[in-house]
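A look at the structure
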Number of protein chains: 2
Amino acid sequence: MIDAVGPAVDGGRRPVKRVVGEPVEVEATVYADGHDRLYVAVAHQPPGARGWAVVPMASTNPGLDRWAASFVPGEVGLHRYRVLAWVDHVGSWLDGTQRKLDAGVDVSSELLAGAALLEALAPKVAKTERPALAALAGRLREGDAAAVADPTLLPLAHGGLKAADAEVSRPTLEADVEPERALFNAWYELFPRSWSTKGPGHHGTLADVAAQLDYVASMGFDILYLPPVHPIGRSFRKGPDNSETAGPDDPGSPWAIGGPEGGHTAVHPQLGTVDDVADLVAKAAQQGLDLALDLAFQCSPDHPWVTEHPEWFRHRPDGTIQYAENPPKKYQDIYPLDFECDAWRELWDALLDVALFWARRGVRIFRVDNPHTKPFAFWEWFIAEVRVRYPEAMFLSEAFSRPEIMHRLAKVGFTLSYSYFPWRQTKAELTEYFTELSTPPGVDQFRPSAWPNTPDILTFQLQGAPRTLFASRAFLAATLCPSWGVYGPAFELADNVDAANGKEEYGASEKYEIRDWDRNDPASLRELLGELNRIRTDHLALRTLRTLRFHHADNDALLVYSKTPYAGPSVDPARPHQASILVVANLDAAWTQGGFLDLDLAALGVDPARPYTAHDVLADRTFTWEGSHVYVELHPDEQPGHVLRITQE
Amino acid sequence: MIDAVGPAVDGGRRPVKRVVGEPVEVEATVYADGHDRLYVAVAHQPPGARGWAVVPMASTNPGLDRWAASFVPGEVGLHRYRVLAWVDHVGSWLDGTQRKLDAGVDVSSELLAGAALLEALAPKVAKTERPALAALAGRLREGDAAAVADPTLLPLAHGGLKAADAEVSRPTLEADVEPERALFNAWYELFPRSWSTKGPGHHGTLADVAAQLDYVASMGFDILYLPPVHPIGRSFRKGPDNSETAGPDDPGSPWAIGGPEGGHTAVHPQLGTVDDVADLVAKAAQQGLDLALDLAFQCSPDHPWVTEHPEWFRHRPDGTIQYAENPPKKYQDIYPLDFECDAWRELWDALLDVALFWARRGVRIFRVDNPHTKPFAFWEWFIAEVRVRYPEAMFLSEAFSRPEIMHRLAKVGFTLSYSYFPWRQTKAELTEYFTELSTPPGVDQFRPSAWPNTPDILTFQLQGAPRTLFASRAFLAATLCPSWGVYGPAFELADNVDAANGKEEYGASEKYEIRDWDRNDPASLRELLGELNRIRTDHLALRTLRTLRFHHADNDALLVYSKTPYAGPSVDPARPHQASILVVANLDAAWTQGGFLDLDLAALGVDPARPYTAHDVLADRTFTWEGSHVYVELHPDEQPGHVLRITQE
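The structure reproduced in this document is the subject of the present report. Quantities reported herein were computed from a predicted structural model and do not represent experimental measurements.

On to the relation of the copies chain B and chain A. The two copies are related by a screw operation: chain B maps onto chain A through 180 degrees of rotation and 0.0 Å of translation along the axis, at an RMSD of 0.1 Å. As the rotation angle and translation indicate, the two copies are arranged about a two-fold axis. Closest to the rotation axis within chain B is the C-alpha of Gly11(B), separated from it by 4.0 Å. With an isologous cut-off of 70% or more, the 100% of interface residues of chain B that recur at the interface of chain A puts this contact in the isologous class.

Here is the structure:
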């Protein structure tokens, strides 16, 4: 009987998510009637391979019949795996005979039985092994009890266990293995129109952004994400602070896509041209940055599709196209597409062409606006179609929706998803949420991205908050989550001014107006962000979520957690530092907080009997500690927390 | 999307276990993309029915997209159920339109859209409903906004939701519904040979047992279980206390089945005849007792099958039949059957014939010896074959094995199983174990029976223990578990003498010798057992495991739990008392223990604002309490615990 095989998503109906080098730790419940010994193994197969590699599983909890083994996928693509189990007749015989030998009981009958077992196995083992097996059988048949203890006996016999004779777990499971970038990444979002090199009052361009990429790269981010770069509609255009009427010079929201100049495959004339996008992709790559574009599948009333393809929209009884609404609110500047219209095939193809259009210009990463308002079946098809052509393509889901919806989007193909991080603020909230994210089933199906802010979200916590709280939130996001991002320069400049409408919205929102940011403000958090990103890059432990463990502190303002690198080929001396990382975060941005920690030293790989070194790679200070009980004190004006590299001589 | 539908065993590959009247509380995670309202329902089908009854599900946790509804199976057999879900277009429209009406927004366009929706539905609703639907559509088309609030609109529209248009959960799930006796029962085990009416020194007979049934019936048990009644082997017969040599008058172990007089379909001559079994079945029925026989599928060396069917046994290299062993121990009085021999079909048929032989003589309940040493596939086939002929047949599994093995036996068909109750003794152990047993997945697939002792088990806790501890263990078993049993008269006479071999075995074990029990000992616990069984019969709450809830007490010697009757047709005034039952057990058999309880009054159905009555149905005392914080004190010499019937005016 083989039950409860994992990791598995939805009972094996969906692949588990992994990146290259991230182990697949296979577990299963395996048992049989009777008292025979079992032999259990994982068989796994890389994409395109014909054969299966077999790894013996070890019994990890005999009382619960649990077995485990792991393999490390070394390449991108769908890896398959399953569990095989055999009743180990030779092992059982060996066991019983050895016990009789130990008790001094006559075993002449057992030796003959063993010889017969080995002789029957001969046709199943490799030809090269047969003479050795025959020799052992011969010794048993001649009554040589010493042959029972021959260490080659069991391995030889196990060579005769063939997959055709095994119980095999069903269904065969799959791991969707992506490049490491799918798990480990740091996003920086900016509105190009605010980045003019000509100074205030000018509309920034893509070329302006290309000229200032060093600002983003110097902070160590590796994905540069731009809100939609397409022509912006005129009809019902929104004015500053989302007001219903726009003045003649108001630029409008980039998400009201489409005008006389074109739709989703055009570029807003004031930003530049399609070629400027390709140029930005190339220049960003030189700085180690990937460009991400926004896929917002909706139209302004001025989008060419409105006249060319009215059949792609819903219509009201009076024949007009149905605008978006959340009764009684109306969004007359946005026409949703009707994904279930009669002409849905043409519509879906046109949307795929949008992504392929930008992919042909070098874009591989897409942030997807509100995917939960479109059919799951659409995304499953759409993402598969893009990935079959561009296997390294990545999709970030902007669905701040219910957990089931967010997980379903991940299961149908989204690489990453925004998370509830903005609203997880206390020690209890962060501990509960990140425990859920870092353990199965969550960690096998859903990759969270932690963003302290977005153009849509200035949390109540950050409204009017001191710069030290922005530092604390960045520190938490960057060290808790392998994927994080900020919307800047609002973030590093600690813009804390809300819309004063009782919501978690920015005042003077950049979504509706051009902002003039003082990026050289000496109080900017840009150096801290750079330090955090460099520490993440330099330490393997911070590239994973799976090994996250929380430790006890006697002060609720101190959040303590550790990570270790996952085992596997990533861990080699030529690569970044492989030490365990212990983080002590001060959740209080106003006051000094101190307390005793009760560290789980085993989780840190530390021998409790000897001293160990905790080197703060953020403050460049070194502590020498002994035992699990240590005192820590943090001053918010100095640093938001310790990032401690743990080593022991 | 319909996910995580329950109750389900092994993802729906096995049926869940239920008895008649026990509700199937169906839950599912149901959601869709977008913001439309959903309509969700359970469809269920009794055995043999063609149609499906449909029950609307209610949203129980919108944040987690959980929905629930239940149905109550009213007959024995396989009931099927599944979840259906529709996007509720009319409900969504109604919602949005109502919000606009509330906000005073013009809805003329919405009324026309609603009319069109209802008109399109007309062909789907029952003919009798069409005029009403058409009338509503007409009012909407004429601009009558009041029609939106018509309470018949939504039910009429939901009548047009057809299964053919629904998303349907897969696979369809099944509930194996058995008679209430499968869940609620009380077993009494006795060795007939110790029940001679002629006094000490005589071998008791089945007729002697038949003549003394009132002793068992007076204690309120409803199943009388006898160890194997077949001829006992002579070869290698075990003597007193499992000694290797038996004297000429030693009766041997009833589990060494088979002699010259016959095998599994014969009766040991000193006990009587096959007809005496049938007679005992009939006489027991008159006293409300069902007879249970033992199925121990193994043979003594003298069993007729050893000579008639040597091919049904394993052979050693020297040609002799392989006896049972656990190296270096040998059990030469027992030959295991080889369920995987070449002639397995004939062997399996012969074993089925054993059960059918006794079933034809009226036996419907079988206690199965060591089922985990035989193939699961055998039991699945065997139990199904018996149940297709005798649907009310019951099988108690004697597998004190690992949890996975015990659960698998339940999944392949065993009605009940012995449990770890003998070794769950402290408050923490009992709370953890019975929480696991009373919640999914356990409670849906595995029915535990709680036995304080068996002929094989005198726990270390009971060795040398006072009678009050026996009382406490019976009290716990009878009130925690709907199925319980004792091996008597050893139990009610508090036989606490162990075999002095460092094991949990009885001294002077009745398995190997005839015992002379003083059943009229005034210190016997028989009255307590009778009271416990009568209280169980009289209170519906004690017939279920599913509603078990533990409550806090500030003293670890006090175990506090409650049960309520499950909803359904069982709960009608003509049936036993339906009050909630609160149990306070004193786990300390030596000392008086008192403490404050912190009761979960909601679980008891008590309004915390008013006083309530706790009537101890064991001691016949009444307490009037108010609030959740009450003080309780228990004296082991007076009673092992309170069984409190909770009522409130």
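Structure shown, so let's carry the discussion forward.
Moving on, we come to the sheet that holds strand 24 (residues 558-563) of chain B. Residue and element names in this part refer to chain B. A sheet is described by the order of its strands in space; here eight strands give the open sequence 28-27-30-25-24-23-26-29, paired in antiparallel fashion. Two strands in the sheet have a free side with no partner beyond their single neighbour: strand 28 (621-625) and strand 29 (629-634). Each strand axis lies, on average, 30 degrees off the axis of its neighbour in the sheet, ignoring direction. Of the strand pairs in this sheet, strand 27 (residues 612-616) and strand 28 are connected by five bridges, and their pairing is antiparallel. Counterpart to Asp 616 in the pairing with strand 28 is Arg 621. Lying on the sheet, helix 12 (residues 427-438) is in contact with strand 23 (549-553) and strand 24; it crosses strand 23 at an angle near 155 degrees.

Contact residues are listed per partner, giving 40 residues for chain B and 40 residues for chain A. Interface area, chain B with chain A, both sides summed: about 3,300 Å², of which 55% is carbon and sulfur. At the junction of chain B with chain A, the criterion picks out six salt bridges. The salt bridge involving Glu325(B) is made with Lys100(A); its shortest N-O contact spans 2.8 Å.

Moving on, we come to the pairing of strand 30 (residues 641-647) of chain B. All names here are of chain B. Of all seven residues making up strand 30, five are buried, and the element is well covered by its neighbours. Where strand 25 (residues 580-586) meets strand 30, six bridges bridge the pair, whose relative direction is antiparallel. By the bridge assignment for strand 30, Ser 580 is matched with Ile 646. In terms of strand pairing, strand 27 meets strand 30 through four bridges, oriented antiparallel. From the neighbouring strand, His 615 faces strand 30, where its bridge partner is Arg 645.

What counts and how
Residues numbered from 1 in each chain as written. Chains lettered and ligands numbered in written order. Predicted model: local features only at pLDDT ≥ 70, side-chain atom pairs only at ≥ 80, totals over all residues. Heavy atoms only, no water. Least-squares fit on C-alpha atoms with pLDDT ≥ 70 in both. Contact = heavy atoms within 4.5 Å. Pairing = 2+ DSSP bridges. Helix = DSSP H or I, 4+ residues; strand = E, 2+ residues; numbered from the N terminus. Axes fitted to C-alpha atoms, helices over the stretch in contact; angles between N-to-C directions. Buried area = accessible area lost by both parts, 1.4 Å probe. Salt bridge = Lys/Arg side-chain N within 4 Å of Asp/Glu carboxyl O. Buried < 20%, exposed > 50% of the residue type's maximum accessible area, 1.4 Å probe, protein only.

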